[in-house]
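Residue-level structure breakdown
Chain by chain, the residues run as shown.
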Amino acid sequence: MVMLFWILLVTLPSVANAVAPTAKDAVELILRSQKKVNSAGDPICANCVVIPNSRDKDDSDPVCDDLFEAACMKGPNEKQAKANHFPRIEVQSAIKKGRELAAKAMGYLSVEDAVRNRLREEGFDLKDSLSPNFIGLMTGEGSLPMDEFTSVVADFENCQTSEKRLENISIDPLASPEKLQEILDMYESYVAARKERLIAILAKDIPSYFSGLKSKCDNLTRLQKNAETSLDSFENEVCSQLPQHRRTAVDLFRNEDGPGKHERSENFVRSTFIPANVSPVWSSKNQTVNAIEKAKRNLLINYGCNAAMSKTNGAIGNIISNLLAELSLAKPTVDSVLDAIYSENRKQKVESIFRNARREVTGIVSSFIQDKTKRDSIISGYEKMEMSWIEKPPSNSYTKNRFRTLTLDSSKEKLDLTYDLSIYALFNDSSLSYFTTENAFYTPAITMARSSVKERISFFPATLMQMDENPNETFMIIAHELSHKVGPRVIALHGIDLTAECLDLMECFRSPESIRMRADQEDETIADSIAAESLARHLLKVPLNKRRAQLTDSIEFFCRHDEKVGSGLSFLTTHPENSLRVSGIFGANPSLRSALGCAKESLRFKSCGISSVKLGAGK
Amino acid sequence: MKYLNFFTMTLFFISTAWAKPITILNEITFQNGGETHRFFIQEKTLNHPELVFSTGKSSPKKRSLSLAEARRLESELNRIVWVSEFRKPAGVVSCTSHVTVRVGPSSSKVCAENPQAAGPAFGLLNRLRASFTVRK
């Protein structure tokens, strides 16, 4: 037994390095380990190294021991469901409602009716039944399985039926010349029809067509240089005049909506289309049989259903995307979406949270930065800082489109970089992703060319709407974004150097006992650390028995967007992993632990916080 | 020794397979927090495209694409380049770089001041980002 104690004592320093327990914790671990070995009662295991479980359920405190585990791993399915549904559903129904109204204002029965009509105008007929997610899938929100695609687009069903019929014709070299000629004619006329169809499809997307033509010419020229092939006269003519063809393509693109667009684009494609080379076939002594075989190959390589299918998929996707962007820019959609998100009630609520968070962050920064000049400059910046808020565009931002429906007009809008993009750009997106994606960011004051940007915090609408359900999370996000102002890299943009002030804190987070912060994660770590201190101050104002629940609510954002929980955005490199952020920065923050009544030191991570580290120079 | 040679040869073949050049077809890049974030489509073997996200020094994230998805993305990127280059509104005098898009040999810096190109580019970026992170 004494031997076992010594083994454990020798083993413990390495464990200690990993978890940095206090002396009291170390004694507890030894006792727990001894207890485990004793209870195992296995003499063979007398020399085993027992790795102590620091979170024995009998005496552990989940929130204090491992905040991420306690907050995020309980009911991950529920959190995943939340991440996938709220508040996207609310925004998506506002988008749907607005687009339906816009489609009606443009004279269609519904959005689906508009899609069918627009595709019909472009030469694609859809069958009666569409899967509910057809429109979404065709505009890039995933991929529509090919069998579903072919069954929906009438053209492909006909194409496949005809191709199968041709394949089933048996070619008997001993058949009469008339019979063989009849088969050859059938093939050639079918190939000619498919070629025309392909030309019509390619003409719908001139940028992609020209890009493909250029690649083809570049490839042919390279092969010719290496003497691997020689260009025939048509290929030579098309490729040698590529600059002229580019001018024609650009002209067609600029007048895409002009009269006779289809005919002009198709003529251009017809005059420049270079099919893949199909070598002659010498499999039979009968020339007609060889000609049929060659036509077969030509069909397969250049004009078959499969060859045209992906191009059609792209063309249909573009047509639907353009239509959806057109519907999104219409006033009914703009009004519906902005009304659903930017209500007066929500504005007052978020501004109140913003003011509270700013007060806490300013208080922490004031105590953290001792140099008066730096401190005054930063505090005055905080006082002027705003939250971006989208107001409805004034009526003179709209113009009537060809359906006599009011639609946003980019030429009437002055760019306001408050939202990084203009309102027109946010709505000129078939997926309206700005309104359905969760994100928030801090933007420093920047002057770029003739534009200047005010320092601000921006919330994507989905993040803003999350506030209805969980205002504590909104507080944490705002505190985090506000704290970015004093991140070492960001503050340098304002001409202030806080390297010395942040030195000790950075060292602490870099250490292996903490989160092993990398150099590119400094700004995010500082922002989290100050947000944790702000949260601690905030929690001190609520009764002790409510603080833990409020803390787990505050950090729910990390749970929703963590891969371990099974959902959401991962922030990739500049942010430390979510479990480290939650347990290593928030969970080990001394002020937060004190507010919760946890033991001073976290079991898993070294305590790093503004109040726990020795402040660096510059005091 | 025979086994050692076999082992060495196997390693050699594996390493040459890895060394095979990968064709990068199209890409969209943007600056975020001083770092370049890059989404691109590459073709490791013929007709097997994959979408790659890379940033800073971290290892790139990859997701395989169907040919139809790759064509669709290519078509969207192409359109953004052409709108940005050939449909620039006359009023746009300054350019705040929003993203840079490259399709084959053509590339374009999409200006935030050009909403006709910046809107779709922004939407595409959000979708590409979500395609790596949202599990349904």
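Look up a bit, the structure's there.
Notes on the structure follow. (Residues numbered from 1 in each chain as written. Chains lettered and ligands numbered in written order. Predicted model: local features only at pLDDT ≥ 70, side-chain atom pairs only at ≥ 80, totals over all residues. Heavy atoms only, no water.)

Points about the side chain of Asn-472 of chain A
Residues and elements named next belong to chain A. Within the secondary structure, Asn-472 is located in helix 23 (residues 471–483). Overall, the relative accessible area of 17% leaves Asn-472 in the buried class. What Asn-472 contacts, discounting residues up to four positions off in sequence, is Gln-550, Asp-553 and Ser-554. (Helix = DSSP H or I, 4+ residues; strand = E, 2+ residues; numbered from the N terminus. Buried < 20%, exposed > 50% of the residue type's maximum accessible area, 1.4 Å probe, protein only. Contact = heavy atoms within 4.5 Å.)

Quick look at the packing of aromatic side chains
According to the stated counting rule, one finds 16 aromatic pairs over all chains in the structure shown. Relative to Phe-435 of chain A, the ring of Tyr-434 of chain A has its centre 5.1 Å away and its plane inclined at 90°; by these criteria the two rings are edge-to-face. By relative accessible area, Tyr-434 of chain A is classed as buried at 4%. Where Phe-558 of chain A meets Phe-586 of chain A, the ring centres are 5.7 Å apart and the plane angle is 55°; that geometry is what we call tilted. With a gap of 28 residues between them, Phe-558 of chain A in helix 28 (residues 556–560) and Phe-586 of chain A in helix 29 (residues 578–586) connect regions that are remote in the sequence. For the pair formed by Phe-558 of chain A and Phe-586 of chain A, the shared burial category is buried. An aromatic cluster of at least three residues, connected via ring pairs, comprises Phe-427, Tyr-434, Phe-435, Phe-441 and Phe-460 of chain A together with Phe-122 of chain B. Arg-38 of chain B extends its terminal NZ or CZ atom over the ring of Phe-40 of chain B, reaching a point 4.2 Å from the ring centre. It is Arg-87 of chain B that lies over the ring of Phe-253 of chain A; its NZ or CZ is 4.0 Å from the centre. (Phe/Tyr/Trp six-rings, centres within 6.5 Å; stacked < 30°, edge-to-face > 60°. Lys NZ or Arg CZ within 6 Å of the ring centre and 35° of its normal.)

Looking at the pairing of strand 7 (residues 456–459) of chain A
Residue and element names in this part refer to chain A. Burial of the side chains of strand 7 extends over both faces: Arg-456 and Ser-458 are buried on one face and Ile-457 and Phe-459 on the other. Looking at chain direction, strand 1 (residues 386–387) and strand 7 are connected through 2 bridges and run parallel. Bridge pairing in strand 7 links Glu-386 to Arg-456. Sheet topology note: the strand 4 (residues 440–443)/strand 7 ladder contains 4 bridges and is antiparallel. Bridged to Phe-441 within strand 7 is Ser-458. (Pairing = 2+ DSSP bridges.)

Quick notes on the nonpolar core
Residue and element names in this part refer to chain A. Residues Phe-427, Phe-435 and Phe-586 are the most contacted members of the largest nonpolar core, which totals 181 residues. For this core, the leading source of residues is helix 17 (residues 305–329), giving 11 residues. Excluding residues that lie within four positions of it along the chain, Phe-586 makes contacts with Leu-67, Met-476, Asp-528, Ala-531, Ala-532, Leu-535, Ile-555, Phe-558, Arg-581 and Leu-592. (Core = buried A, V, L, I, M, F, W, Y, C linked by side-chain atoms within 4.5 Å.)

Here's the deal with the sheet that holds strand 7 of chain A
Taken in spatial order, the 3 strands make up an open sheet running 1-7-4 (chain A), and their pairing is mixed. At either margin of the open sheet sits one strand with a lone partner, and together these are strand 1 and strand 4 of chain A.

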